[in-house]
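Structural characterization, general
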Amino acid sequence: MTFAIFLSLFLAGQPRLEYRADGVARIIVNDKPMLMIGGELGNSSASSPEDVKRTFSYLQSMGLNTVLVPVSWELIEPQEGIFDMSLLDVILTEARHNELKVVLLWFGAWKNSMSCYAPEWFKRDVKRFPRAHTKEGKPVEEASSLSRNVLEADKRAFCRVMEHLRTYDSKEQTVIMVQVENEVGMIDVPRDYSADATLMYQSAVPRQLTEYLKQHQESLHPYLKEKLRPNARADANWAQLFGDDIYAEEIFQSWTYAKYVEEIAAAGREIYNLPMFVNVAL
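Reference entry: report on the structure contained in this document. All values derive from a computational prediction rather than experimental measurement.

Rules and cut-offs
Residues numbered from 1 in each chain as written. Predicted model: local features only at pLDDT ≥ 70, side-chain atom pairs only at ≥ 80, totals over all residues. Heavy atoms only, no water. Axes fitted to C-alpha atoms, helices over the stretch in contact; angles between N-to-C directions. Helix = DSSP H or I, 4+ residues; strand = E, 2+ residues; numbered from the N terminus. Parallel < 35°, antiparallel > 145°, perpendicular 65-115°, else oblique. Left-handed = near helix turned anticlockwise from the far one by under 90°. Contact = heavy atoms within 4.5 Å. Nonpolar A, V, L, I, M, F, W, Y, C, P; charged D, E, K, R; others polar. Pairing = 2+ DSSP bridges. Buried < 20%, exposed > 50% of the residue type's maximum accessible area, 1.4 Å probe, protein only. Phe/Tyr/Trp six-rings, centres within 6.5 Å; stacked < 30°, edge-to-face > 60°. Lys NZ or Arg CZ within 6 Å of the ring centre and 35° of its normal.

**Considerations on the packing of helix H4 (residues 86-97) against helix H6 (residues 148-169)**
- Two numbers describe how H4 lies on H6: the axes approach to 11 Å, and their chain directions differ by 40°. Between H4 and H6, the crossing angle belongs to the class labelled oblique. As H4 packs across H6, the resulting crossing turns out to be right-handed. Across the interface between the two elements, Leu88, Asp89, Leu92 and Arg96 of H4 pack against Val161, His164, Leu165, Tyr168 and Asp169 of H6.
- Looking at the contact of H4 with H6, its residues break down into 5 nonpolar, 1 polar and 3 charged.

As structure tokens, then:
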């Protein structure tokens, strides 16, 4: 068997979304459609082996077959460059023991908008891993979505998790989906007002976005259609294209989060191509 044939067979057997002609999706696990009857753990309910064992057996007794389990960057990489997958291994073992599938929730740079589940070494080094800022120039608790250092550190840890799953779970398929970050969004302010963010906000809206808006005018959400300025120049900045208000600032900030999460998800799927999704704070 050639490597190409082996790889195609391996990929075909992975958990995946299968779409019908009408766009409705279903999840395929172990090459069979699965109805997920799921429960969700609390933010720190899987932070110790004892918690995992106790909670998983309880969920199984309730008749559930799937559990959404948070995995925090802080516990995966307690020291920079040193990774500890022992708790993830407990999650896999206990899920299999209790006949549960897992949707893994990555608490990376953000959790409920805050950066509280990031490692201590990350949180202390605000020069290397900057925070977003208020209009008054005050740093807030959220890590900057524009910082390359933040993204690369987050992505490196996430990719190590995906490598571990590929090595130790691709046969069993215990983990069937992954949520990348949790409730991304700014709290109290509509966008990051740091110097870098303000410069980007006052610059031309990226062509990738303007071309998409142009090509999908008919299917855009009514809110976004309403915000678009039809006579804006091709090189319009965010305020000129969407209006000079906090809603344009929110659209800008949403774009920075979307680009960030998309890069991390794409890197993870290059390693182990599980279905991935993200949720956002309103």
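**Observations concerning the pairing of strand E8 (residues 139-143)**
- By the bridge criterion, 2 bridges tie strand E7 (residues 131-133) to E8 in an arrangement that is antiparallel. Paired with His133 across the two strands is Pro139, which belongs to E8.
- In this antiparallel pair of consecutive strands, E7 and E8, the connection spans 5 residues, and Gly137 shows a positive phi of 85°.

**Details of the pairing of strand E6 (residues 101-111)**
- For E6, the tally of buried residues reaches 11 of 11 residues, placing the bulk of the element in the interior.
- Summarising the sheet, strand E5 (residues 66-72) and E6 pair through 7 bridges and their orientation is parallel. Note on E6: the bridge partner recorded for Val69 is Leu104.
- Alignment of E6 against strand E9 (residues 175-182), held across 6 bridges, turns out to be parallel. Looking across to E9, one finds that Val103 is bridged to Met177.

**Focus on the environment of Phe122**
- Within the element layout of this structure, Phe122 appears in helix H5 (residues 120-124).
- Spatially, the C-alpha atoms of Phe122 and Ala153 are 8.7 Å apart, while their sequence positions differ by 31 residues.
- Other than its neighbours up to four places away in sequence, Phe122 contacts Trp73, Phe129, Arg131, Ala143 and Val150.

**Here's the deal with the sheet that holds E9**
- Taking strand neighbours across the sheet as the criterion, the 5 strands line up as E4-E5-E6-E9-E10 in an open arrangement whose pairing is parallel. Lying at the two open borders of the sheet, with one neighbouring strand each, are strand E4 (38-40) and strand E10 (276-277).
- Alignment of E9 against E10, held across 2 bridges, turns out to be parallel. Bridge pairing links Val178 to Met276 in E10.
- Along the sheet face, helix H11 (residues 246-271) touches E6, E9 and E10 and points at about 150° away from the line of E9.

**A few points about the packing of helix H2 (residues 49-61) against H4**
- Close contact between H2 and H4 brings their axes to 10 Å; oriented N to C, the two are set at 20°. In terms of axis orientation, H2 runs roughly parallel to H4. The hand of the H2/H4 crossing is right-handed. Every residue of H4 that contacts H2 at Pro49, Val52, Lys53 and Phe56 is listed here: Leu87, Val90, Ile91, Glu94 and Ala95.
- Here the residues of the contact of H2 with H4 sort into 7 nonpolar, no polar and 2 charged.

**Some points on the packing of aromatic side chains**
- Under the counting rule described, the total for this entry stands at 12 aromatic pairs.
- Centre to centre, the rings of Trp73 and Trp121 are 5.9 Å apart; their planes meet at 85°, and the pair counts as edge-to-face. Of this pair, Trp73 sits in helix H3 (residues 73-76) while Trp121 sits in helix H5, and the two are 48 residues apart along the sequence.
- Measuring from ring centre to ring centre gives 4.8 Å for Phe107 and Tyr117, while their planes differ by 65°; the resulting arrangement is edge-to-face. Of this pair, Phe107 sits in strand E6 while Tyr117 is found in the loop between E6 and H5, placing the two residues 10 residues apart along the sequence.
- By the ring-pair criterion, three or more aromatic residues cluster together here, those being Trp73, Trp121, Phe122 and Phe129.
- Taking NZ or CZ as reference, Arg191 lies 4.5 Å from the ring centre of Tyr201, over its face.

By themselves, these are just geometric observations and shouldn't be taken as functional.
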